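The lines below spell out each chain.
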Amino acid sequence: MTSTQLPVPAFEFVQGDSPLLVCMPHPGLHLTPEVDDCLTDLAKKLPDTDWFMPELYDFLTPLGVGYIKANYSRFVIDLNRPYDDKPLYETKTTGLFPDVLFEDSPVFLEGKKPSEEAKEFYKEHIWKAYHSAIEQELARLKEKFGYAILFDAHSIAAEVPMLFDGVLPDFNWGTNDGKACDPLLANAATQILTPHFTQVLNGRFKGGYTTRHFGQPENGIHAIQLELSQATYLNDELAKQHEYQLDETKRPIIQQQLKDVIEACQHVRF
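The residue numbers shown here count from 1 along each chain, following its written sequence. Residue-level local features of this predicted model are given only where pLDDT is at least 70; pairs of side-chain atoms are given and counted only at 80 or more, and the full residue set underlies all totals for whole chains, interfaces and linings. With hydrogens and water excluded, all non-hydrogen atoms of the structure serve as input to the side-chain values.

### Looking at the packing of aromatic side chains
Reasoning step 1: Any Phe, Tyr or Trp ring, taking Trp's six-membered ring, that has another such ring centre within 6.5 Å forms a pair; planes under 30 degrees apart are called stacked, those over 60 apart edge-to-face, and the others tilted. Counting across every chain of the model gives 13 aromatic pairs.
Reasoning step 2: Between F11 and Y130, the ring centres sit 6.4 Å apart and the planes meet at 75°, which makes this aromatic pair edge-to-face. Residue F11 is found in strand 1 (residues 11-14), and its partner Y130 is found in helix 3 (residues 116-145); the two are separated by 119 residues along the sequence.
Reasoning step 3: Grouped by ring-pair contacts, the aromatic residues Y57, F59, F151, F171, W173 and F197 constitute a single cluster.
Reasoning step 4: Sitting above the plane of the Y83 ring, K123 keeps its charged end 4.2 Å from the centroid.
Reasoning step 5: The criterion is that NZ of a Lys, or CZ of an Arg, lies within 6 Å of the ring centre and within 35 degrees of the ring normal, and then a charge sits over that ring. Positioned above the aromatic ring of F205 is the side chain of R204, whose terminal nitrogen or guanidinium carbon lies 4.9 Å from the ring centre. Every helix listed is a DSSP run of H or I at least four residues long, and every strand listed is a run of E at least two residues long, numbered separately from the N terminus.

### Focus: the nonpolar core
Reasoning step 1: What we call a nonpolar core is a set of buried Ala, Val, Leu, Ile, Met, Phe, Trp, Tyr and Cys residues that are connected through their side-chain atoms within 4.5 Å. Partly exposed residues are those whose accessible area sits between 20% and 50% of the maximum for their type, while under 20% is buried and over 50% is exposed, using a 1.4 Å probe and protein chains only. Counting 77 residues, the largest nonpolar core has Y57 and F151 as the members making the most contacts within it.
Reasoning step 2: When residues in this core are grouped by element, the largest group, 10 residues, is from helix 3.
Reasoning step 3: We call two residues in contact whenever any of their non-hydrogen atoms come within 4.5 Å of each other. Dropping the residues within four chain positions of it, Y57 is found in contact with M24, F151, A153, L226, Q255, L258 and I262.

### Remarks on the state of the cysteines
Reasoning step 1: Here, the term disulfide refers to a pair of cysteine sulfur atoms separated by no more than 2.5 Å. Counted under the stated rule, the structure contains 0 disulfides.
Reasoning step 2: No disulfide involves C23; its sulfur sits 13 Å from that of C265, the nearest cysteine.
Reasoning step 3: Note on C23: relative accessible area 0%, which makes it buried.

### Description of the pattern of salt bridges
Reasoning step 1: Think of a salt bridge as a Lys or Arg side-chain nitrogen and an Asp or Glu carboxyl oxygen that are within 4 Å of each other. Applying the stated criterion across every chain yields a total of 16 salt bridges.
Reasoning step 2: For E116, the salt bridge identified is with K119, shortest N-O distance 3.5 Å. Within this pair, E116 and its partner K119 are both found in helix 3, separated by 3 residues, close to a single helical turn.
Reasoning step 3: For K119, a relative accessible area of 18% translates into the label buried.
Reasoning step 4: Between E237 and K240 there is a salt bridge, with its nearest N and O atoms 3.5 Å apart. Here the residue E237 and the residue K240 both occupy positions in helix 6 (residues 236-240), the gap between them amounting to 3 residues, near one helical turn.
Reasoning step 5: On the basis of relative accessibility, which here comes to 62%, the residue K240 falls in the exposed class.
Reasoning step 6: Among the ionic contacts, a cluster of salt bridges with common partners joins D50, R74, D78 and R81.

Written as structure tokens, this is what we have:
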């Protein structure tokens, strides 16, 4: 395999002029031909996607905030898992190359999975490329501003029995139990939320690989992850049928709150 065999680039990167970089590892909808040929009918609907992250955060560029957005589905490779695929949680989770959907059914048809050669190619040309870009941009921001902030933007269904009991709060913040950032950043993000939304800090989600790896406050790089409940912005009835659309009534409310959060994080000084 060669890098020219990727149907589209591994990611989209827009550089900003702010100490804040927003990462979106799971909004990608593209598949490689090999993965596409192996997926079950349900997996082809890409149910575990972080739906509409670029649309929800479309205010970033006007704020001068840079972002990096993955183009490939997590069913090709999950960019928020470590390269060696060591589990991030003791509870049930999915890996670098997910083989089970969040609703606990197979990702791949029986007897069909991408080859080991394909997996190595994805690790080299998608995973490494994405994380190298983050590393380089955070280094540039730290050099320019004296510190850098990584905001790792995710979303997830409000109810995923395979992963957790009950219903998630609207905003699920993760700072690796306080190891990934100065408390000033977590305080800025959590205190700006209006009472309209519920939230938790380091609950079921404490931050994935990106937050844990890059969040090094002792070295001037601060990271925080947001798992946003999809109940805050999707059409609920359609989502139950594995059809995903923005709810235009919810959209302006959640976008204003997200914008307030990003601006609050921008204004933190270390």
